[in-house]
Amino acid sequence: MKSQNNTRTLFKGGTVITMDAAVPNLAVGDVLVEGDQIAAIGANLQTEGAVVIDASGSIVMPGLIDSHHHMWLGVVRRLIPDVDDLNAYFDLIGHKMGKQYRALEMYLSTKLTAIASLDAGVTTIVDACHLSLSPEHTDAALQALDQSGIRALHMVGAPLNDQGTVAHLPNDFDRLARKWNTEGGLVRVGMFGQINLKWWKVARALELRILTEFSGDWFPLGPELAQKGVLGPNNIFNHCTRVPEETWKLFADAGVNVTINPRSDALFGFDDESFAYQQAINHGLKPAIGTDLDTAFGSDLFGEMHALFSLQRSVMRGRRYRGETDAPAPIKVNEILKSVTVHGARVAGLESSIGTLTPGKQADVIMVRTDSVGVFPVSNAIGTVVQAVDRSDVDTVMVAGQVRKRNGKLVNVDLAKLRTEVDASRDYLLQVSGLPADLFATGVAYKG
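First, a word on what this report is: a plain description of the structure on this page. (Residues numbered from 1 in each chain as written. Predicted model: local features only at pLDDT ≥ 70, side-chain atom pairs only at ≥ 80, totals over all residues. Heavy atoms only, no water.)

A sheet is described by the order of its strands in space; here eight strands give the open sequence β6-β7-β8-β9-β10-β11-β12-β13, paired in parallel fashion. Looking along the sheet, the strands with just one partner apiece sit at the ends: β6 (64–69) and β13 (288–289). Here strand β10 (residues 210–215) runs beside strand β11 (residues 235–241); their pairing, made up of six bridges, is parallel. When the sheet's bridge partners are listed, Glu213 is paired in β11 with Asn238. Running over the sheet, helix α3 (residues 135–148) touches β7 (122–129), β8 (151–156) and β9 (187–192) and is turned about 170° from β8. (Pairing = 2+ DSSP bridges. Helix = DSSP H or I, 4+ residues; strand = E, 2+ residues; numbered from the N terminus. Contact = heavy atoms within 4.5 Å. Axes fitted to C-alpha atoms, helices over the stretch in contact; angles between N-to-C directions.)

Shown next as C-alpha coordinates:
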(Lines give C-alpha, C1' and ligand atoms only; values in the text may rest on other atoms or scores of the structure.)
Protein backbone atom coordinates (compact mmCIF):
# COMPACT_ATOMS: atom_id res chain seq x y z
CA MET A 1 0.00 0.00 0.00
CA LYS A 2 1.91 3.04 -1.22
CA SER A 3 0.91 6.42 0.15
CA GLN A 4 -0.75 8.84 -2.27
CA ASN A 5 -1.29 11.35 0.53
CA ASN A 6 -0.51 15.02 -0.18
CA THR A 7 -2.11 16.39 2.96
CA ARG A 8 -0.28 18.75 5.30
CA THR A 9 -0.96 17.95 8.95
CA LEU A 10 0.23 19.92 11.96
CA PHE A 11 0.36 18.47 15.45
CA LYS A 12 0.07 21.73 17.37
CA GLY A 13 1.23 22.58 20.88
CA GLY A 14 2.13 19.16 22.24
CA THR A 15 5.02 17.82 24.27
CA VAL A 16 7.33 16.40 21.59
CA ILE A 17 9.59 13.39 22.17
CA THR A 18 11.79 12.98 19.10
CA MET A 19 14.10 10.08 20.12
CA ASP A 20 16.69 11.78 17.88
CA ALA A 21 19.69 13.21 19.72
CA ALA A 22 20.10 15.80 16.98
CA VAL A 23 16.48 17.00 17.19
CA PRO A 24 15.66 18.47 20.63
CA ASN A 25 12.62 17.40 22.60
CA LEU A 26 10.14 20.20 23.17
CA ALA A 27 8.06 20.86 26.27
CA VAL A 28 5.62 22.59 23.93
CA GLY A 29 6.08 22.35 20.19
CA ASP A 30 4.72 21.39 16.80
CA VAL A 31 5.29 18.58 14.32
CA LEU A 32 4.51 19.30 10.67
CA VAL A 33 3.77 16.41 8.31
CA GLU A 34 3.68 16.86 4.54
CA GLY A 35 2.46 13.87 2.59
CA ASP A 36 4.12 10.80 4.03
CA GLN A 37 7.09 12.62 5.60
CA ILE A 38 7.93 14.70 8.63
CA ALA A 39 8.61 18.19 7.29
CA ALA A 40 9.52 20.20 10.38
CA ILE A 41 9.66 20.16 14.18
CA GLY A 42 9.70 23.34 16.20
CA ALA A 43 7.79 25.96 18.10
CA ASN A 44 4.94 27.94 16.52
CA LEU A 45 5.20 26.45 13.05
CA GLN A 46 2.99 28.00 10.36
CA THR A 47 -0.40 26.33 10.03
CA GLU A 48 -1.39 27.70 6.61
CA GLY A 49 -2.93 25.01 4.46
CA ALA A 50 -2.52 22.35 7.13
CA VAL A 51 -5.02 20.18 8.95
CA VAL A 52 -4.39 21.12 12.56
CA ILE A 53 -4.51 18.51 15.31
CA ASP A 54 -4.66 20.11 18.73
CA ALA A 55 -1.90 18.35 20.67
CA SER A 56 -2.09 20.46 23.81
CA GLY A 57 -2.06 18.28 26.90
CA SER A 58 -0.69 15.40 24.80
CA ILE A 59 2.64 13.79 23.93
CA VAL A 60 3.64 13.55 20.26
CA MET A 61 6.25 10.89 19.55
CA PRO A 62 7.42 8.23 17.08
CA GLY A 63 5.12 5.29 16.49
CA LEU A 64 5.94 2.18 18.50
CA ILE A 65 7.67 -0.77 16.79
CA ASP A 66 6.80 -4.33 17.78
CA SER A 67 9.89 -6.31 16.80
CA HIS A 68 8.51 -9.84 17.17
CA HIS A 69 4.87 -10.86 16.98
CA HIS A 70 3.27 -14.09 15.74
CA MET A 71 0.31 -12.33 14.17
CA TRP A 72 -1.25 -15.58 12.94
CA LEU A 73 -2.34 -16.32 16.51
CA GLY A 74 -4.87 -13.49 16.58
CA VAL A 75 -8.02 -15.62 16.43
CA VAL A 76 -6.89 -17.77 19.38
CA ARG A 77 -6.10 -14.89 21.71
CA ARG A 78 -5.50 -15.98 25.30
CA LEU A 79 -6.61 -19.54 24.60
CA ILE A 80 -3.88 -20.80 26.96
CA PRO A 81 -3.00 -17.90 29.27
CA ASP A 82 -1.25 -20.08 31.86
CA VAL A 83 0.87 -22.24 29.56
CA ASP A 84 4.43 -22.71 30.78
CA ASP A 85 5.45 -25.77 28.78
CA LEU A 86 6.79 -25.13 25.29
CA ASN A 87 6.09 -28.70 24.18
CA ALA A 88 2.48 -28.40 25.31
CA TYR A 89 2.22 -25.13 23.40
CA PHE A 90 3.60 -26.74 20.23
CA ASP A 91 1.33 -29.75 20.62
CA LEU A 92 -1.81 -27.68 20.92
CA ILE A 93 -1.10 -24.63 18.78
CA GLY A 94 1.33 -26.09 16.27
CA HIS A 95 -0.14 -29.55 15.70
CA LYS A 96 -3.75 -29.79 16.79
CA MET A 97 -4.74 -26.30 15.76
CA GLY A 98 -2.11 -24.80 13.44
CA LYS A 99 -2.45 -27.55 10.86
CA GLN A 100 -6.18 -26.74 10.65
CA TYR A 101 -5.61 -23.14 9.60
CA ARG A 102 -7.15 -22.18 6.29
CA ALA A 103 -6.03 -19.08 4.43
CA LEU A 104 -9.09 -17.46 6.01
CA GLU A 105 -7.72 -17.97 9.53
CA MET A 106 -4.40 -16.50 8.42
CA TYR A 107 -6.15 -13.46 6.97
CA LEU A 108 -8.42 -12.81 9.94
CA SER A 109 -5.72 -13.40 12.55
CA THR A 110 -3.29 -11.07 10.82
CA LYS A 111 -5.96 -8.44 10.25
CA LEU A 112 -7.11 -8.52 13.88
CA THR A 113 -3.55 -8.29 15.20
CA ALA A 114 -2.67 -5.46 12.84
CA ILE A 115 -5.72 -3.39 13.76
CA ALA A 116 -5.29 -4.05 17.47
CA SER A 117 -1.63 -3.03 17.19
CA LEU A 118 -2.51 0.22 15.46
CA ASP A 119 -5.04 0.94 18.18
CA ALA A 120 -2.23 0.55 20.74
CA GLY A 121 0.12 2.96 18.97
CA VAL A 122 2.15 0.33 17.10
CA THR A 123 2.90 1.66 13.62
CA THR A 124 5.42 -1.03 12.58
CA ILE A 125 5.45 -4.74 13.31
CA VAL A 126 7.80 -7.62 12.53
CA ASP A 127 5.36 -10.44 11.82
CA ALA A 128 7.01 -13.72 12.80
CA CYS A 129 4.92 -16.12 10.72
CA HIS A 130 6.01 -19.69 11.37
CA LEU A 131 2.86 -21.08 9.76
CA SER A 132 3.31 -20.31 6.06
CA LEU A 133 1.59 -23.53 5.03
CA SER A 134 1.10 -22.55 1.38
CA PRO A 135 1.46 -19.58 -0.96
CA GLU A 136 -2.24 -18.94 -0.38
CA HIS A 137 -1.69 -18.64 3.38
CA THR A 138 1.15 -16.19 2.82
CA ASP A 139 -0.84 -14.14 0.32
CA ALA A 140 -3.76 -13.95 2.76
CA ALA A 141 -1.54 -12.63 5.55
CA LEU A 142 0.08 -10.07 3.27
CA GLN A 143 -3.31 -8.93 2.00
CA ALA A 144 -4.46 -8.37 5.58
CA LEU A 145 -1.35 -6.34 6.39
CA ASP A 146 -1.70 -4.27 3.23
CA GLN A 147 -5.36 -3.51 3.89
CA SER A 148 -4.78 -2.55 7.52
CA GLY A 149 -2.36 0.28 6.74
CA ILE A 150 0.28 -0.81 9.24
CA ARG A 151 3.95 -0.89 8.30
CA ALA A 152 5.12 -4.50 8.47
CA LEU A 153 7.93 -6.94 7.79
CA HIS A 154 6.24 -10.30 7.25
CA MET A 155 8.70 -13.12 7.99
CA VAL A 156 7.64 -16.15 5.96
CA GLY A 157 8.50 -19.54 7.43
CA ALA A 158 7.62 -23.18 7.87
CA PRO A 159 6.03 -24.43 11.11
CA LEU A 160 8.75 -24.14 13.73
CA ASN A 161 8.21 -27.59 15.16
CA ASP A 162 7.54 -29.36 11.85
CA GLN A 163 9.58 -27.70 9.13
CA GLY A 164 9.32 -30.56 6.69
CA THR A 165 5.62 -29.95 6.07
CA VAL A 166 5.96 -27.30 3.35
CA ALA A 167 7.16 -27.82 -0.20
CA HIS A 168 6.81 -24.29 -1.64
CA LEU A 169 9.69 -22.85 0.38
CA PRO A 170 12.25 -21.50 -0.22
CA ASN A 171 11.29 -21.19 -3.92
CA ASP A 172 8.34 -18.88 -3.19
CA PHE A 173 10.59 -16.18 -1.73
CA ASP A 174 11.56 -14.95 -5.20
CA ARG A 175 7.93 -14.29 -6.14
CA LEU A 176 7.23 -12.63 -2.81
CA ALA A 177 10.29 -10.39 -2.88
CA ARG A 178 9.56 -9.18 -6.39
CA LYS A 179 5.97 -8.34 -5.48
CA TRP A 180 6.37 -6.83 -2.03
CA ASN A 181 9.91 -5.52 -1.50
CA THR A 182 9.43 -2.44 -3.63
CA GLU A 183 10.38 1.18 -3.07
CA GLY A 184 7.84 3.01 -0.93
CA GLY A 185 5.77 0.00 0.09
CA LEU A 186 4.62 -0.31 3.68
CA VAL A 187 4.62 -4.11 3.65
CA ARG A 188 7.73 -6.16 2.93
CA VAL A 189 8.72 -9.81 3.29
CA GLY A 190 11.61 -11.54 5.00
CA MET A 191 12.57 -15.12 5.86
CA PHE A 192 11.79 -17.05 9.03
CA GLY A 193 14.75 -19.31 8.37
CA GLN A 194 15.85 -20.86 11.67
CA ILE A 195 19.38 -22.30 11.17
CA ASN A 196 18.95 -23.39 7.58
CA LEU A 197 22.00 -22.16 5.70
CA LYS A 198 20.60 -23.26 2.33
CA TRP A 199 17.60 -21.03 2.92
CA TRP A 200 19.86 -18.25 4.20
CA LYS A 201 21.73 -18.30 0.90
CA VAL A 202 18.43 -17.74 -0.92
CA ALA A 203 17.55 -14.91 1.47
CA ARG A 204 20.86 -13.13 0.99
CA ALA A 205 20.57 -13.33 -2.79
CA LEU A 206 17.17 -11.62 -2.48
CA GLU A 207 18.39 -9.17 0.21
CA LEU A 208 15.90 -10.50 2.76
CA ARG A 209 16.20 -10.20 6.52
CA ILE A 210 16.44 -13.57 8.29
CA LEU A 211 14.65 -14.40 11.55
CA THR A 212 15.68 -17.22 13.89
CA GLU A 213 14.01 -18.27 17.14
CA PHE A 214 16.94 -19.09 19.36
CA SER A 215 17.72 -20.24 22.88
CA GLY A 216 20.79 -21.94 24.26
CA ASP A 217 18.49 -24.68 25.56
CA TRP A 218 17.24 -25.63 22.12
CA PHE A 219 20.33 -26.20 20.04
CA PRO A 220 23.97 -25.12 19.86
CA LEU A 221 25.26 -23.08 16.97
CA GLY A 222 27.58 -25.12 14.78
CA PRO A 223 31.06 -23.96 13.77
CA GLU A 224 29.81 -23.06 10.30
CA LEU A 225 28.10 -19.98 11.73
CA ALA A 226 31.47 -18.56 12.75
CA GLN A 227 32.60 -18.50 9.13
CA LYS A 228 32.91 -15.06 7.58
CA GLY A 229 29.71 -13.78 6.01
CA VAL A 230 27.35 -16.36 7.51
CA LEU A 231 26.06 -13.99 10.18
CA GLY A 232 25.47 -10.29 9.71
CA PRO A 233 23.19 -7.31 10.32
CA ASN A 234 20.37 -8.86 8.30
CA ASN A 235 20.06 -11.65 10.93
CA ILE A 236 17.48 -11.30 13.69
CA PHE A 237 17.70 -13.66 16.68
CA ASN A 238 14.71 -13.77 19.02
CA HIS A 239 14.65 -14.83 22.71
CA CYS A 240 18.43 -15.46 23.01
CA THR A 241 17.94 -16.89 26.49
CA ARG A 242 20.61 -18.93 28.28
CA VAL A 243 23.04 -18.31 25.43
CA PRO A 244 26.70 -19.25 26.09
CA GLU A 245 29.39 -16.59 26.16
CA GLU A 246 31.03 -17.71 22.93
CA THR A 247 27.74 -17.28 21.09
CA TRP A 248 27.24 -13.77 22.46
CA LYS A 249 30.71 -12.88 21.23
CA LEU A 250 29.85 -14.33 17.81
CA PHE A 251 26.66 -12.27 17.69
CA ALA A 252 28.46 -9.10 18.75
CA ASP A 253 31.26 -9.53 16.23
CA ALA A 254 28.76 -10.10 13.42
CA GLY A 255 26.47 -7.24 14.48
CA VAL A 256 23.29 -9.32 14.45
CA ASN A 257 19.96 -8.00 15.73
CA VAL A 258 18.59 -9.31 19.02
CA THR A 259 14.96 -9.18 20.14
CA ILE A 260 13.44 -10.35 23.39
CA ASN A 261 9.87 -10.73 24.62
CA PRO A 262 9.66 -9.70 28.29
CA ARG A 263 6.31 -11.29 29.16
CA SER A 264 6.57 -14.36 26.95
CA ASP A 265 10.14 -15.21 27.97
CA ALA A 266 9.02 -15.11 31.59
CA LEU A 267 5.83 -17.06 30.85
CA PHE A 268 7.70 -20.04 29.43
CA GLY A 269 10.61 -19.80 31.83
CA PHE A 270 13.02 -19.25 28.95
CA ASP A 271 15.09 -16.65 30.72
CA ASP A 272 17.05 -16.81 33.94
CA GLU A 273 19.26 -14.42 35.86
CA SER A 274 21.62 -14.19 32.91
CA PHE A 275 18.76 -12.08 31.41
CA ALA A 276 19.05 -11.97 27.63
CA TYR A 277 18.22 -8.27 27.33
CA GLN A 278 21.07 -7.37 29.65
CA GLN A 279 23.45 -9.86 28.05
CA ALA A 280 22.86 -8.23 24.68
CA ILE A 281 23.66 -4.80 26.13
CA ASN A 282 26.74 -6.14 27.91
CA HIS A 283 28.08 -7.32 24.56
CA GLY A 284 27.50 -4.02 22.78
CA LEU A 285 24.24 -4.97 21.08
CA LYS A 286 21.06 -2.89 21.23
CA PRO A 287 18.08 -5.18 21.79
CA ALA A 288 14.54 -4.46 20.75
CA ILE A 289 11.42 -6.01 22.25
CA GLY A 290 8.32 -7.71 20.91
CA THR A 291 4.99 -9.05 22.08
CA ASP A 292 5.46 -12.61 20.77
CA LEU A 293 2.20 -14.40 21.62
CA ASP A 294 -1.50 -13.62 21.51
CA THR A 295 -2.30 -17.02 23.02
CA ALA A 296 -1.39 -15.50 26.38
CA PHE A 297 -1.15 -11.75 25.86
CA GLY A 298 -2.25 -9.25 23.23
CA SER A 299 -1.13 -6.52 20.85
CA ASP A 300 0.18 -4.10 23.45
CA LEU A 301 3.78 -2.89 23.81
CA PHE A 302 2.94 -0.87 26.91
CA GLY A 303 2.69 -4.12 28.85
CA GLU A 304 6.04 -5.24 27.45
CA MET A 305 7.68 -1.98 28.53
CA HIS A 306 6.27 -2.36 32.04
CA ALA A 307 7.50 -5.95 32.22
CA LEU A 308 10.99 -5.12 30.92
CA PHE A 309 11.46 -2.37 33.49
CA SER A 310 10.35 -4.61 36.34
CA LEU A 311 12.28 -7.70 35.22
CA GLN A 312 15.58 -5.94 34.66
CA ARG A 313 15.31 -4.06 37.93
CA SER A 314 14.38 -7.22 39.82
CA VAL A 315 17.22 -9.32 38.41
CA MET A 316 19.92 -6.67 38.77
CA ARG A 317 18.81 -5.60 42.24
CA GLY A 318 18.84 -9.25 43.26
CA ARG A 319 22.41 -9.62 42.07
CA ARG A 320 23.48 -6.51 43.95
CA TYR A 321 21.68 -7.72 47.07
CA ARG A 322 23.80 -10.89 46.94
CA GLY A 323 26.93 -8.76 46.88
CA GLU A 324 27.79 -8.89 43.16
CA THR A 325 29.61 -5.60 42.75
CA ASP A 326 29.74 -5.97 38.96
CA ALA A 327 25.95 -6.21 38.56
CA PRO A 328 24.74 -3.89 35.78
CA ALA A 329 23.06 -0.63 36.66
CA PRO A 330 19.26 -0.55 36.88
CA ILE A 331 17.55 0.16 33.59
CA LYS A 332 16.20 3.64 32.81
CA VAL A 333 13.00 4.55 31.05
CA ASN A 334 14.77 6.22 28.12
CA GLU A 335 16.48 2.95 27.19
CA ILE A 336 13.16 1.14 27.29
CA LEU A 337 11.57 3.67 24.96
CA LYS A 338 14.52 3.26 22.57
CA SER A 339 13.83 -0.49 22.45
CA VAL A 340 10.37 0.12 20.94
CA THR A 341 11.42 2.95 18.62
CA VAL A 342 15.06 3.39 17.58
CA HIS A 343 16.19 -0.21 18.12
CA GLY A 344 13.01 -1.64 16.63
CA ALA A 345 13.55 0.38 13.46
CA ARG A 346 17.02 -1.09 13.10
CA VAL A 347 15.71 -4.64 13.55
CA ALA A 348 13.26 -4.07 10.71
CA GLY A 349 16.02 -2.60 8.53
CA LEU A 350 14.28 0.78 8.53
CA GLU A 351 16.46 2.92 10.79
CA SER A 352 16.90 5.52 8.04
CA SER A 353 13.13 5.84 7.59
CA ILE A 354 11.40 5.47 10.96
CA GLY A 355 12.00 5.20 14.71
CA THR A 356 12.52 8.90 15.43
CA LEU A 357 10.76 12.16 14.73
CA THR A 358 13.28 13.56 12.28
CA PRO A 359 12.53 15.88 9.35
CA GLY A 360 12.78 13.84 6.17
CA LYS A 361 11.82 10.55 7.79
CA GLN A 362 8.51 8.81 7.28
CA ALA A 363 5.59 10.28 9.23
CA ASP A 364 4.94 7.40 11.61
CA VAL A 365 3.63 9.48 14.50
CA ILE A 366 1.45 8.85 17.51
CA MET A 367 -0.20 11.29 19.91
CA VAL A 368 -0.87 10.14 23.47
CA ARG A 369 -3.32 11.98 25.70
CA THR A 370 -2.22 12.73 29.25
CA ASP A 371 -5.55 13.90 30.68
CA SER A 372 -6.79 10.59 32.09
CA VAL A 373 -6.89 10.19 35.86
CA GLY A 374 -4.22 7.51 35.79
CA VAL A 375 -1.77 9.71 33.89
CA PHE A 376 -1.80 13.35 34.97
CA PRO A 377 0.15 15.29 36.16
CA VAL A 378 3.01 14.77 33.71
CA SER A 379 6.22 15.30 35.67
CA ASN A 380 8.41 13.31 33.26
CA ALA A 381 7.34 12.80 29.65
CA ILE A 382 9.29 9.63 28.89
CA GLY A 383 8.44 8.10 32.26
CA THR A 384 4.79 8.81 31.55
CA VAL A 385 4.90 6.93 28.23
CA VAL A 386 6.85 3.95 29.59
CA GLN A 387 5.18 3.58 32.97
CA ALA A 388 1.72 5.18 32.93
CA VAL A 389 -0.16 5.36 29.64
CA ASP A 390 -1.96 2.47 27.96
CA ARG A 391 -3.76 1.87 24.68
CA SER A 392 -6.82 3.84 25.80
CA ASP A 393 -4.65 6.97 26.03
CA VAL A 394 -3.52 6.68 22.39
CA ASP A 395 -5.50 9.39 20.65
CA THR A 396 -3.98 9.55 17.17
CA VAL A 397 -1.96 7.10 15.09
CA MET A 398 -0.41 8.04 11.76
CA VAL A 399 1.50 5.71 9.41
CA ALA A 400 3.32 7.27 6.47
CA GLY A 401 1.17 10.36 6.86
CA GLN A 402 -2.12 8.42 6.84
CA VAL A 403 -4.27 8.72 9.96
CA ARG A 404 -5.28 5.27 11.23
CA LYS A 405 -6.69 6.31 14.60
CA ARG A 406 -8.13 9.69 15.58
CA ASN A 407 -9.82 10.97 18.73
CA GLY A 408 -9.29 7.55 20.28
CA LYS A 409 -11.16 5.71 17.52
CA LEU A 410 -9.84 3.54 14.69
CA VAL A 411 -10.49 5.01 11.26
CA ASN A 412 -12.56 3.07 8.69
CA VAL A 413 -12.62 -0.16 10.70
CA ASP A 414 -15.84 -2.16 11.14
CA LEU A 415 -15.12 -3.79 14.49
CA ALA A 416 -18.54 -5.43 14.77
CA LYS A 417 -18.05 -7.23 11.45
CA LEU A 418 -14.49 -8.19 12.35
CA ARG A 419 -15.58 -9.61 15.70
CA THR A 420 -18.27 -11.74 14.06
CA GLU A 421 -15.76 -13.12 11.57
CA VAL A 422 -13.08 -13.76 14.19
CA ASP A 423 -15.50 -15.48 16.57
CA ALA A 424 -16.63 -17.80 13.78
CA SER A 425 -13.02 -18.56 12.85
CA ARG A 426 -12.10 -19.33 16.47
CA ASP A 427 -15.12 -21.62 16.81
CA TYR A 428 -14.18 -23.41 13.60
CA LEU A 429 -10.66 -24.07 14.87
CA LEU A 430 -11.91 -25.42 18.18
CA GLN A 431 -14.37 -27.71 16.41
CA VAL A 432 -12.05 -29.17 13.76
CA SER A 433 -9.27 -29.57 16.32
CA GLY A 434 -11.55 -31.56 18.60
CA LEU A 435 -11.16 -29.10 21.46
CA PRO A 436 -13.93 -28.17 23.89
CA ALA A 437 -14.65 -24.51 24.47
CA ASP A 438 -13.99 -23.67 28.13
CA LEU A 439 -14.06 -20.04 29.28
CA PHE A 440 -12.66 -20.96 32.70
CA ALA A 441 -9.87 -23.41 31.88
CA THR A 442 -6.43 -23.02 33.43
CA GLY A 443 -3.11 -24.21 32.07
CA VAL A 444 -3.25 -26.23 28.87
CA ALA A 445 -6.60 -27.80 29.56
CA TYR A 446 -7.16 -28.90 26.00
CA LYS A 447 -5.79 -32.40 25.65
CA GLY A 448 -7.68 -33.35 22.50
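A few words on helix α1 (residues 86–97). Restricting attention to buried positions, one finds in α1 the residues Tyr89, Phe90, Leu92, Ile93, Gly94, Lys96 and Met97. Structurally, α1 contributes buried residues whose contacts are with α13 (415–432). The N-cap of α1, judged by a side-chain oxygen 2.8 Å from the amide nitrogen of Asn87 a few residues on, is Asp85. (Buried < 20%, exposed > 50% of the residue type's maximum accessible area, 1.4 Å probe, protein only. Polar contact = N/O pair within 3.5 Å; in protein donor to acceptor, adjacent residues only side chain to side chain.)

Among the residues making up helix α4 (residues 172–180), those that are buried are Asp172, Phe173, Leu176, Ala177 and Trp180. Seen from one end, α4 has its buried residues packed into an arc of 130°, which puts them on one side. When the buried face of α4 is taken as reference, the exposed residues oriented beyond 90 degrees from it are Arg178 and Lys179. On its buried side, α4 packs onto α3, β8, β9 and α5 (197–205). (Arc of directions from axis to C-beta.)

Moving on to the packing of aromatic side chains. If you walk through the whole model with that rule in mind, you get 10 aromatic pairs. Between the aromatic rings of Tyr89 and Phe90, the centroid separation amounts to 5.7 Å while the plane-to-plane angle is 50°, which identifies the pairing as tilted. What makes Phe90 buried here is its relative accessible area of 17%. Each ring, one from Phe275 and one from Tyr277, has its centre 6.4 Å from the other, and the planes form 55°; the classification is tilted. For the pair Phe275 and Tyr277, one class covers both residues: buried. Of the aromatic side chains, those joined through ring pairs into one cluster are Tyr89, Phe90, Phe268 and Phe270. Between Arg102 and the ring centre of Tyr428, over which it is positioned, the NZ or CZ distance is 3.6 Å. (Phe/Tyr/Trp six-rings, centres within 6.5 Å; stacked < 30°, edge-to-face > 60°. Lys NZ or Arg CZ within 6 Å of the ring centre and 35° of its normal.)

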